[in-house]
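Working through the structure, step by step
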Amino acid sequence: MNCTHFEKQVWDYLEGRLSASERAAFEAHRAHCEHCQRVWESAQHTVQALRRLPRYRPAPDFRERLQARLRQASPKPARPRLRLGWKPLALAPALGLLIAFFWFYNEPQKNLTNLPPDAVGTDDYTEMCVQLHETLETAEWSPTPAASYWVNTGYTR
Amino acid sequence: METISAETQLIERAKQQDESAFAQIVNLYADKLYNYIVRMLGNPHDAEDVLQEVFLRAYQGLPSFDGRASLSTWLFRIAHNLCIDHYRKQERRVKTVSIYQDNPDEADEGAEEWEFPDTQTPDPMQAVLDRELQEVVERALESLSPKLKSVLLLYDMEGLSYEEISQSLGIPMGTVKSRLHLARSEIQKKVAAYLRGETV
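Numbering of residues starts from 1 in every chain and runs along the sequence as written. Whichever chain is written first becomes A and whichever ligand is written first becomes 1, with later ones labelled in order. Restriction of local features to residues with pLDDT of at least 70 applies here, the model being predicted, together with a cutoff of 80 or more for giving and counting side-chain atom pairs; totals for whole chains, interfaces and linings are based on all residues.

Bringing the overall build of chain A into the picture now. The secondary structure listing takes helices from DSSP runs of H or I that are at least 4 residues long and strands from runs of E that are at least 2 residues long, numbered from the N terminus. Broken down by element type, chain A carries 7 helices and 1 strand. Listing the helices and strands of chain A from first to last along the sequence gives α-α-α-β-α-α-α-α. Relative to its 157 residues, chain A shows a buried fraction of 11%. The contact criterion used here is simple: two residues whose C-beta atoms, placed from the backbone, lie within 7 Å are in contact. Pairs at least 24 apart in sequence give 46% of the contacts found in chain A among residues at least 6 apart. Backbone-placed C-beta atoms define the burial measure: a residue is buried with 20 or more other C-beta atoms within 10 Å of its own, exposed with 12 or fewer, and partly exposed in between.

As structure tokens, then:
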């Protein structure tokens, strides 16, 4: 046993937590090491002094004052605790991705399949619709559409 | 076993708002908790407010007390948390010097009572030395950090086991042991210096 080991074991020795062999080694070291003898003495004094420290006690009327305060308070009813812990939080990103996935695939898409064959982009299609409405609004109503209607829309009878 | 069963019955009665049962709990633990709080805060005046708060919280929280920890462990946990809250509030305020450090004579004027556990020795010289040594230890204890101090007080003054301290403070048993070792070593250094005749 060396001095460092001795200092580590000094509290366990004082509390009787060492085995018989450890105790023997501890005492043998103490017998021939002046430094550790002093360590042991100061440790012994420390524990004794700590256990003999004066104890504080509350004032005699403490209990009455406490009683008065308790009468004003009422016990809170027991609440069932939600023991969810951190695990649901770990699922949050996965849930977010799932929602994003469904949103992306269910977002109403512009159905471009009915576009006239020459309408290549949405801008062209919008422009064509505007022109068509203008034509219809300005033209006198006729059961037969004007020739430009068929030309612009590309529809046939 | 009988003690546990008696304690369980007491708790059950207190949960049914039996005032006398709660008064019994106060009688059982007020002194222990008060001593711990005074030692933690170093101030008997604040300690009484904190002790009232401990029992108030216990009274209000008793319906939720599930009995997994012992009543003593639970109460010390409440007391410890309130002491830490108090420390934090104090840190935020302008730093003031403890009444003890400024006016050691006034420290005894508070409402608290002292209880000396068998300090009388037949040799007057030895009594003086004991008293001096105790003062050294008191000062060393005051200077410890709350983390070290709490473990030391609960173990050496209140006699709680490693496991009970672990539950009260919410720290692993290994941490309890290492903090206790550190705390005692800190005090031991000052005791050793005193024994060598150095000014501490």
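On to the nonpolar core, then. The biggest cluster of nonpolar side chains holds 57 residues, and the ones touching the most others in it are B:Leu33, B:Ile37, B:Val54, B:Leu75 and B:Ala79. A total of 11 residues in this core trace back to one element, the largest contributor, which is helix α2 (residues 19–41) of chain B. The term nonpolar core refers to a group of buried residues, namely Ala, Val, Leu, Ile, Met, Phe, Trp, Tyr and Cys, whose C-beta atoms join them within 7 Å.

Residue-level contacts link 29 residues of chain A with 40 residues of chain B. A breakdown of the residues in the side of chain A that touches chain B according to their chemical character gives 16 nonpolar, 3 polar and 10 charged. In this classification, Asp, Glu, Lys and Arg are treated as charged, Ala, Val, Leu, Ile, Met, Phe, Trp, Tyr, Cys and Pro as nonpolar, and every other residue, Gly included, as polar.

Turning next to helix α7 (residues 146–157) of chain B. Of all 12 residues in α7(B), 9 are buried, a share of seventy percent or more. For α7(B), the elements touching its buried residues are α3 (34–51) of chain A together with α2, α4 (71–92), α6 (124–142), α8 (162–169) and α9 (173–195) of chain B. Two residues or fewer after α7(B) comes B:Gly159, characterised by a positive phi angle close to 70°.

This next bit is on the packing of α2(B) against α4(B). Residue and element names in this part refer to chain B. For every element, the axis is a line fit to its C-alpha atoms; helices are fit only across the contacting stretch, and the angle between N-to-C directions ranges from 0 to 180 degrees. At their nearest, the axes of α2 and α4 sit 10 Å apart, and the two run at 35° to each other. In the crossing of α2 with α4, the sense of the turn from one axis to the other is right-handed. In contact with Ile25, Tyr29, Leu33, Tyr36, Ile37, Met40 and Leu41 of α2, α4 contributes Leu71, Ser72, Leu75, Phe76, Ala79, Cys83 and His86. Of the residues that constitute the contact of α2 with α4, the class distribution is 12 nonpolar, 2 polar and no charged. Crossings are sorted by hand: turned counterclockwise from the far helix by less than a right angle, the near helix makes the crossing left-handed, and turned clockwise it makes it right-handed.

In predicted models, pLDDT denotes the confidence assigned by the predictor to each residue on a 0 to 100 scale. Residues at a pLDDT of 70 or more form 69% of chain A, whose mean pLDDT is 79. Ranking the helices and strands of chain A by mean pLDDT puts helix α2 (residues 20–32) of chain A first, with 94, and helix α7 (residues 147–153) of chain A last, with 70.

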